[in-house]
Amino acid sequence: MKYRVLLYYHYVKIEDPETFAAEHLKFCKDLGLKGRILVAQEGINGTVSGDFEQTERYIEYMNNHPMFKDMPFKIDEANNHAFKKMHCRPRPELVNLSLEEDIDPHEITGDYLTPEEWYEAIQDENTVVLDVRNDYEYDVGHFRGAIKPDVTTFRDTPEWVLKNKELFEGKRVLTYCTGGIRCEKFSGWLKREGIGENIGQLHGGIATYAKNPASQGQLWDGKMYVFDERLTVPINQVNPTIVGKDYYDGTPCERYVNCANPECNAQILCSEENQDKHLGACSMECAEHPRNRYIMKYNLPQDIVEERLESMRNSDFSNLDQVGPRK
Ligand SMILES: [Zn+2]
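The shown structure was predicted, so the numbers you read here are calculated from the model rather than taken from an experiment. (Residues numbered from 1 in each chain as written. Predicted model: local features only at pLDDT ≥ 70, side-chain atom pairs only at ≥ 80, totals over all residues. Heavy atoms only, no water.)

**Some remarks on the coordination of the zinc ion**
Metal coordination angles in their ideal form are 109.5 degrees for the four-donor tetrahedron and 90 or 180 degrees for the six-donor octahedron. The condition that has to hold: With water excluded from the atoms, a metal site may look incomplete; its donors are any N, O or S atoms within 2.8 Å, or within 3.2 Å for Na, K and Ca. The classification of residues rests on relative accessible area computed with a 1.4 Å probe and restricted to protein chains. Under 20% of the type maximum is buried, over 50% is exposed, and intermediate values are partly exposed.
The protein atoms donating to the zinc ion are C259 (SG), C264 (SG), C282 (SG) and C286 (SG), with metal-donor distances spanning 2.3 to 2.4 Å. Linear spacing of the donor residues for the zinc ion on their chain is C-x4-C-x17-C-x3-C. According to the relative accessible area criterion, C264 is buried, its value standing at 4%.

Written out as structure tokens, the structure reads:
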């Protein structure tokens, strides 16, 4: 494997995110990295890919920078770049929680649990494990027995927790997310609101847990959703299972594809066969879109397209509703 994917964040005061982002973008482009970095007054959050040398130079630069010298990197090996372009953008927040009164993780946050501590703790019956990611992330993989809040996005999770307070009463509450950044704020929020008894978070997130030689990703079911072209990555190295379900027929599946309608782009889990049968689309409307990418990519003749559209009209295809993020 020639490439590496770096995942990292750091809550640190950045006075002028606009200027910082513009300069950092130039630096990353000069290095040859690709990826997505967010910069806010509260810090930095990024995923970038590059070859060994490019990523090594980036880590070295950041670790020599006075503001980021303590910032840990999660490193994945990869066959290719995980992004097509390099973006570095200023944002009001690193994670979109939109609280009326914001949380500073340096002031309040849940206890950090190492992967070893986490593995033990989540097996305790007085513990509630809360997944604070988006629903489409949970659907392709999660910790066994973790609670999935009935929300579409992270931003709606606080309201859901307040409505379901009784689930957490008298319990130890543990939160997890991909790399840990969402938990820093969310566990702080749980603490401030007095939810549950003893708030903890998986330090370094699922990405760190997967690589820990002691835990080896155990008690994780399915794969982990990632925000780059890989879409999912394996976590459980001991006894992997599949929890994702094919969008069209509900059979076990962990293959995410984008809807063929370029204006929709919803992510759906489906087999190659089902993708083909449904012209790569998440809905009838998307299948019939004049710029359907699936039809164009395979140059499908008109009679075949008509035949498939007809069989879609005759199936219960129109009733499907569980669709991932639209980009
Ligand atoms: Zn669609």
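**Digging into the nonpolar core**
For the record, the criterion: We define a nonpolar core as any set of buried Ala, Val, Leu, Ile, Met, Phe, Trp, Tyr and Cys residues linked to one another through side-chain atoms lying within 4.5 Å. Numbered from the N terminus, helices here are DSSP runs of H or I no shorter than four residues, and strands are runs of E no shorter than two. Boundaries between domains were set according to an automatic or database domain assignment. Note on definitions: a residue-residue contact is assigned when non-hydrogen atoms from the two residues lie within 4.5 Å.
Counting 27 residues, the largest nonpolar core has L130, V161, F168, F186 and L190 as the members making the most contacts within it. Of all the elements in the fold, those that place two or more residues in this core are β1 (3-11), β2 (34-40), β7 (127-131), α5 (157-163) and α6 (181-193). If one sorts the elements of this core by residue count, α6 sits on top with five residues. Summarising the domain contributions, this core has at least three residues from each of domain 1 (3-90) and domain 2 (111-227 + 229-234). Ignoring any residue separated from it by four or fewer positions in sequence, one finds F186 in contact with L97, L130, V132, F154, T157, P158, V161 and T175. In terms of nonpolar packing, the next biggest core, distinct from the first, is built from 22 residues, F20, L31, Y58 and F73 among them.

**A word on the domain arrangement of the chain**
Where interface size is quoted, it is often the accessible area lost as the parts come together. Here is the rule: Two parts placed together each lose some accessible area under a 1.4 Å probe, and adding up what both lose gives the buried area. Salt bridge, as applied in this entry: a Lys or Arg side-chain nitrogen positioned within 4 Å of an Asp or Glu carboxyl oxygen. Think of a polar contact as two N or O atoms within 3.5 Å of one another; within protein, one of them needs to be a possible hydrogen donor and the other a possible acceptor, and neighboring residues in sequence only count if both atoms come from side chains. By the convention adopted, Pro, Cys, Tyr, Trp, Phe, Met, Ile, Leu, Val and Ala count as nonpolar, Lys, Arg, Asp and Glu as charged, and the other residues, Gly among them, as polar.
Considered domain by domain, the chain is made up of domain 1 (3-90), domain 2 (111-227 + 229-234) and domain 3 (256-319). Placing the centre of domain 1 and that of domain 2 at their C-alpha centroids yields a distance of 25 Å. The partner domain 2 presents 13 residues to the 14 residues of domain 1 that form the contact. Together domain 1 and domain 2 conceal approximately 1200 Å² of surface at their shared face, both sides included; 49% is due to carbon and sulfur atoms. A per-residue breakdown of the area domain 1 buries against domain 2 is headed by Y9, Y11 and K74, which together make up 40% of the total. Counting every contact that joins domain 1 to domain 2 gives four salt bridges. Along the contact surface separating domain 1 from domain 2 lie nine residue pairs in polar contact (both at pLDDT 80 or more). Mapped onto the side of domain 1 that touches domain 2, the elements with two or more residues apiece are β1 and β4 (74-78). In terms of residue count, the dominant contributor to the side of domain 1 that touches domain 2 is β1 (four residues). Of the residues that constitute the side of domain 1 that touches domain 2, the class distribution is seven nonpolar, two polar and five charged.

**With respect to a positive patch on the surface**
Short version of the rule: Nonpolar side chains (Val, Leu, Ile, Met, Phe, Trp, Tyr) within 5 Å and like charges within 9 Å form the patches, drawn only from residues with over 30% relative accessible area and no salt bridge. All accessible-area figures derive from a Shrake-Rupley calculation using a 1.4 Å probe, and residue coverage is judged against the displayed protein chains alone. Charged-residue counts in this description rest on Lys and Arg as positive and Asp and Glu as negative, His and the chain ends being excluded. The atom standing in for a charge is NZ when the residue is Lys, CZ when it is Arg, CG when it is Asp and CD when it is Glu.
Taken together, the side chains of R36, K85, R89 and R91 define a basic patch exposed on the protein surface. Mapped onto the elements, R89 comes out in strand β5 (residues 86-90).

**Here we look at the sheet that holds β7**
Filter applied, for reference: If DSSP finds at least two bridges between two strands, the strands pair. A fitted line through C-alpha atoms serves as each axis, taken over the contacting stretch for helices, and the angle formed by two N-to-C directions is quoted from 0 to 180°.
The four strands lie next to each other as β6-β10-β9-β7, forming an open sheet whose pairing is parallel. Bordering the open sheet on either side are β6 (111-113) and β7, each of which pairs with just one other strand. Averaged over neighbouring strand pairs, the angle between their axes works out to 30 degrees when direction is ignored. Of the pairings in the sheet, the one linking strand β9 (residues 172-176) to strand β10 (residues 198-202) comprises four bridges and is parallel in character. From the neighbouring strand, V173 faces β10, where its bridge partner is I199.

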